[in-house]
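Coordinate analysis (summary)
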Amino acid sequence: MKHINLPRRDLLKGIGAGSLALATAGCGSTDPSATKAGPKYVMVFDQTKCVGCGRCEDACNQANDLPAGIARLTLERQSDRVEGAVCKKCGKTDCHCDRKYVRVSCQQCDNAPCIMVCPTGAANRDPNTGIVTMDGDKCAGCKYCIAACPYNVRYINSDTDVADNCDFCLNSKLAKGELPACVSQCKFKALVFGDANDPDSYVSKLLQVKNTSRVKPHLGTDPNLYYITITKPEV
Ligand code: SF4
Ligand code: SF4
Ligand code: SF4
């Protein structure tokens, strides 16, 4: 198993933005609930398989009853080619040859700055699964968690006026024994979810044999979202 520290220059530009200084300070305190034994739910996004169809975003919106056009994840489309430049593969300027996509969503940190700064306990870790989630009834809407997140992935749900993050569909799907909506709706098998503490799980075996990357692990957040990235052939 080989895990590479990000960011690579061309990957996850969206996640790279945000309140880095605040978040780094937030990591100085601890998130003790993350140390409990139990499952370690992780997700793997395989950039080599994602075609940017957007089904994951639609599935998230529907499963979690979110406002129109909103999902707890976004897809960032990337291209290394300068706008209008000729493609080396097909010779056109308007092709899709070198497009690639990145899932931008909560990284499910084991040391979660959003939990550390939340004054009400609304941003919390589910004791049974270890998943970072929300208790909407406790949220004061102060947005401290949004400022503290080094991945710039939290937002205020305009229907409920409370903060929100991807929690792997903890209540909407996992509680019913189903996979996260994005995972089950991805026809291209670009998303894998499971318990990394279970040595027999597919996700465990995937992490053992694939080179994967995580975003900004040097911050000490210990994210549980892994990326299999496209490696360009030498030219
Ligand atoms: S559903 Fe799968 S292939 Fe489609 S955009 Fe989402 S991750 Fe990519
Ligand atoms: S990535 Fe998720 S768990 Fe980590 S700080 Fe941001 S909202 Fe919290
Ligand atoms: S917006 Fe809500 S979840 Fe975020 S820090 Fe404030 S009370 Fe906590």
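In what follows, the accompanying structure is described.

Rules behind the numbers
- Residues numbered from 1 in each chain as written.
- Chains lettered and ligands numbered in written order.
- Predicted model: local features only at pLDDT ≥ 70, side-chain atom pairs only at ≥ 80, totals over all residues.
- Heavy atoms only, no water.
- Buried < 20%, exposed > 50% of the residue type's maximum accessible area, 1.4 Å probe, protein only.
- Helix = DSSP H or I, 4+ residues; strand = E, 2+ residues; numbered from the N terminus.
- Pairing = 2+ DSSP bridges.
- Near = heavy atom within 4 Å.
- Nonpolar A, V, L, I, M, F, W, Y, C, P; charged D, E, K, R; others polar.
- 1 Å grid on protein atoms, 1.4 Å probe; cavity = no way out; pocket = protein on both sides within 12 Å on 5 of 7 lines; lining within 4 Å.
- Sits in = over half its atoms within 2 Å of the grid points.
- Points joined across faces, edges and corners; volume = space filled by probe spheres on them.

**Observations concerning the pairing of strand 11 (residues 225–228)**
Taking every second residue as pointing to the same face, both faces of strand 11 are buried, with L225 and Y227 on one and Y226 and I228 on the other. Where strand 2 (residues 41–46) meets strand 11, four bridges bridge the pair, whose relative direction is parallel. Counted as the bridge partner of D46 is I228 from strand 11.

**Some details on the site of ligand 2**
Within the structure, ligand 2 sits among 13 residues, and C106, Q107, C109, C114 and C149 are positioned closest to it. A class-by-class count of the residues in the shell around ligand 2 yields 10 nonpolar, two polar and one charged.

**Details of the site of ligand 1**
Taken together, 13 residues form the shell around ligand 1, and within it C50, C53, C56, L75 and C186 come nearest. In this structure, ligand 1 is accommodated by the largest cavity.

**Some points on empty space enclosed by the protein**
By the definition in use, this model includes four cavities of 30 Å³ or more. Put simply, the largest cavity is a space of about 110 Å³. Together, 14 residues line the largest cavity, and C50, C56, C186, A190 and L191 are the ones closest to its centre. Classifying every residue of the lining of the largest cavity gives 11 nonpolar, one polar and two charged.

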